[in-house]
Amino acid sequence: MGRGAPPPPTASARARKAAELALQTELLHGTLFGDLSRYPPHLLDALYAACDHAAPAVLRALPPTARLYVVRLAHVPVHGGDDGGGLTPDTLRGWARPGLRAGEWHERAVAALKGLRVILQTVGKGGDVRLRLNPVVGRGLRAAMAGLTPAPFGVDPAAEAGGEWGGMKASIAAGGTYEDGGGGGGPLMPVEVLSDHARRRWEGILHFLVALSGSNPAAPSEAVVASLIRSRVLEESGEGATISSAGFQFLLKSGPAQLWVLLRDRDFLPTLAELGVVLLPGFAGSPAPRRGGEDLFYPTPVGVSLVGSAAASTTGGDAGEEVPGAGGSDVAATPRPAAEALLSTTSTGALAIVVENNYRVYAYTTSPFQMALLGLFVHIRYRMPNVAVGTLTRSRVTDALANGITAAQIIRFLNAHAHPRMKGGRVPPNVADQVALWAAEKGRVRTSPAVLLSGFAGVGGWAAVAAFAADLGAKLWEDREGLRLAIEADAYDEVRAFVRDQGIE
Amino acid sequence: MVEATHGVLVTCDIPVKQFLLKLDNDRAPDRFIVAKLDDTHLFIHGWAVDMIKDQLEKLFAENHIDANVCY
């Protein structure tokens, strides 16, 4: 065969494309708990043992079926009779309701549970497989259900009820050891101040992404910009950074999912303060605490909601395409309180959008960031203190599509923030269809540099070349009757060598 | 003898193909279509790619009614 040893240029191009795709998938679907399941077992066990909140947080992250299993298992005696305790896989499968997709959900649930080491699998003496709940997780869950777990980040329940959260020793957390001592015990900070601070910092970053050069009341520092570049939300270009197409998708993700993308890159306190996850007194622009709180940091609701972020992020959240394999019904069935909590903290009163069937868009929001975000695909006509009025136009939508936002994302974003008074709570069907049609316009014509092969003497030679080109992944079009074949221009040299070597006429 | 023609393969829907055929006729003798392959495929000269994309963009824009004229 005439296939050369060095990989053909098309193959390397394809490999690069695949790598880019993988990176995008990583960026879009990488979540806290996806990352966790790649941890070695002993680290996971240590995590569950070290932190009371790990078990409930994992519970929230699981798919609904898995969540049900865990809640049931938490109350099944771990050490049973002679058989060493636990359940047989068949017993567990028996819990799933017989139905078309129940088996699939069951498999997914068990895989997730095993991946996170929530369920441990043991093989007994007779070779029989037993499943049981990780005892550490079980303890944490039972404590959480009984309300025995202290609130996260040392929030004093009494103080919280009073509308103020206690501080935590900055030095402790910065040192990396998490000592859960119940209430923080420092001077208190009003919750409104914390939420307001968090909202302003976080929106500053998102606003920066939308309008890189525009005026920004809370522009992020160089460190955050560097982190955004490392997370590939921004791309470095000739003059400064520009937002990447993955970055546009990042903007439409749910808050916790966005946060996690950035948190994966860094873990030290000043940056967290910059992101609005914590409030670090004395840090640029932070409100000062009452006296005595200078060496404390204060977790904001954004930070707290990270613990509960998973339900949103594992089900795809508001992000791009559905995660392959994650059933659509799961997505619909999962409540997303954490995401909503974050949305309501990051946007002063949630964003409420009315879309009329004449493409007019009314967005009730006071946040300049939300207006700028909408401006990505809505032609904003005028702005008033609490509402922006604009139109979905073809030019604006096609610009957004060219930037890597998909039609489905636009519609999902508008649906997710639909005004409560909007009929059916959804974008009018004609508008949704039109956006999809504008997107389809891009795909109406595809061009690819090609070489047209014709003049084959017989169908045998034609079929051999067609099969060879298909093997290379370079076959674009074939015509068996006319004995014609179109192949990628890049692969022409190889195909020509093949034709010559095989003596095909 | 196997013949090879370099060019660009255009994959499109049927209406777009008809539009391109008309465009090709209008531009005679400066034709850009090398071979009409089937209902949804054309083989054209490489130099025409940008031109036909511009023309199609114009066609789509003409076919679109801007809902915002009344402002």
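Within every chain, residues take consecutive numbers counted from 1 along the sequence as written. Throughout, the order in which chains and ligands are written sets their labels, letters from A for the former and numbers from 1 for the latter. Selection of residues for local features in this predicted model requires a pLDDT of at least 70, selection of side-chain atom pairs for listing and counting requires 80 or more, and totals for whole chains, interfaces and linings are taken over all residues. Excluding hydrogens and water, the side-chain values take into account all heavy atoms of the structure.

**Q** Hey, could you go over the pairing of strand β14 (residues 445–454) of chain A for me, with residue numbers and the actual values?
**A** Only protein chains enter the accessibility calculation, which uses a 1.4 Å probe; a residue whose area is less than 20% of its type maximum is buried, one above 50% is exposed, and one in between is partly exposed. Strands are runs of DSSP state E lasting at least 2 residues, helices are runs of H or I lasting at least 4, and numbering of each runs from the N terminus. Of all 10 residues in β14(A), seven are buried; the element is thus mostly enclosed. DSSP calls a pair of strands paired once it identifies at least 2 bridges connecting them. Here 10 bridges tie β14(A) to strand β1 (residues 3–12) of chain B, and the two strands are oriented antiparallel to one another. Note that in β1(B) the partner of Leu452(A) across the bridge is Thr5(B).

**Q** Quick one: what's the story with the sheet that holds strand β10 (residues 352–355) of chain A, residue by residue and with numbers?
**A** All names here are of chain A. As summarised here, the arrangement of the four strands in space is β10-β11-β13-β12, forming an open sheet in which the pairing is antiparallel. A strand with exactly one partner marks an edge of an open sheet, and here the two such strands are β10 and β12 (379–384). When the angles between neighbouring strand axes are averaged without regard to direction, this sheet yields 20°. Across four bridges, β10 lies against strand β11 (residues 360–364) in antiparallel orientation. Each bridged residue has a counterpart across the sheet, and for Val 354 the counterpart in β11 is Tyr 362. Here an axis means a line fitted to C-alpha atoms, over the contact stretch when the element is a helix, while the angle between two N-to-C directions is reported on a 0 to 180 degree scale.

**Q** Got a sec to walk through the confidence of the model for chain A? Specific residues and values, please.
**A** Residue and element names in this part refer to chain A. A score between 0 and 100, pLDDT records how confident the predictor is in each residue. Averaged over all residues, the pLDDT of chain A equals 69, while 59% of them reach at least 70. A contact between two residues is defined here by any heavy atoms of the two lying within 4.5 Å. Across residues 1–9, where pLDDT falls below 50, the model places 12 contacts with residues more than four positions away in sequence or in other chains. pLDDT under 50 marks residues 168–185. Its contacts with residues more than four places away, or in other chains, come to 28 contacts.

**Q** I'd like a description of helix α1 (residues 14–26) of chain B, backed by residues and values.
**A** One fewer than the residue count of a helix, multiplied by 1.5 Å, yields its expected span. Relative to the 18 Å expected for 13 residues at 1.5 Å per residue, α1(B) spans 19 Å between its end C-alpha atoms, a close match to the ideal helical length. Taken together, the buried positions of α1(B) are occupied by Val16(B), Lys17(B), Phe19(B), Leu20(B), Leu21(B), Leu23(B) and Asp24(B). The elements touched by buried residues of α1(B) are β14 of chain A together with β1, β2 (33–38), β3 (41–44) and α2 (49–62) of chain B. N-capping of α1(B) is provided by Asp13(B), with a side-chain oxygen placed 3.1 Å from the backbone N of Val16(B). Under the rule applied, a polar contact is a pair of N or O atoms within 3.5 Å (in protein, one hydrogen donor and one hydrogen acceptor; residues adjacent in sequence only if both atoms are side-chain atoms).

**Q** Please give an account of the nonpolar core that cites residues and values.
**A** Residue and element names in this part refer to chain A. For our purposes a nonpolar core is just a set of buried Ala, Val, Leu, Ile, Met, Phe, Trp, Tyr and Cys residues, chained together by side-chain atoms within 4.5 Å. By size, the foremost hydrophobic cluster in this structure holds 49 residues, and its most contacted members are Leu 251, Phe 377, Leu 392 and Leu 414. Here the element with the most residues in this core is helix α11 (residues 191–210); it accounts for six residues. Formed jointly, this core draws a minimum of three residues from each of two domains, domain 3 (187–337) and domain 4 (347–442). If near-sequence neighbours (up to four positions away) are discounted, Phe 377 is found in contact with Leu 252, Leu 392, Arg 396, Val 397, Ala 400, Ile 410, Phe 413 and Leu 414. Cys 51, Val 70, Ala 102 and Leu 133 belong to the second largest nonpolar core, which has 28 residues in total. How far each domain reaches was decided by an automatic or database domain assignment.

**Q** Explain the interface of chain A and chain B to me, and be specific about the residues and the numbers.
**A** Contacts between chain A and chain B engage 30 residues on the former and 31 residues on the latter. The salt bridge criterion pairs a side-chain nitrogen of Lys or Arg with a carboxyl oxygen of Asp or Glu, the two atoms within 4 Å. In this structure, the salt-bridge partner of Arg444(A) is Asp13(B), at a minimum N-O distance of 2.8 Å. Here chain A is connected to chain B by nine residue pairs in polar contact (both at pLDDT 80 or more). Secondary-structure elements contributing two or more residues to the side of chain A that touches chain B are α23 (429–442), β14, β15 (475–479), β16 (484–488) and α25 (492–502) of chain A.

**Q** Describe unusual backbone geometry, listing the residues and the values that go with them.
**A** Residue and element names in this part refer to chain A. Although it is not a glycine, Arg 117 sits at a positive phi angle of roughly 55°. Summarising the element assignment, Arg 117 is placed in the loop between α7 (102–115) and β1 (119–123). Within the chain, Leu 483 stands out as a residue other than glycine whose phi angle is a positive 50°. The residue Leu 483 is located in the loop between β15 and β16 in this model.

**Q** Explain the pattern of salt bridges to me, using residue names and the numbers behind them.
**A** Tallying each qualifying case throughout the model produces 11 salt bridges over all chains. Note that Asp493(A) and Arg496(A) form a salt bridge whose closest N and O atoms lie 3.7 Å from each other. Here Asp493(A) pairs with Arg496(A), and both are found in helix α25, just three residues apart, close to one helical turn. For Lys22(B), the salt bridge goes to Asp26(B), with nearest N and O atoms at 2.9 Å. With Lys22(B) and Asp26(B) both in helix α1 and four residues apart, the pair spans about one turn of that helix.

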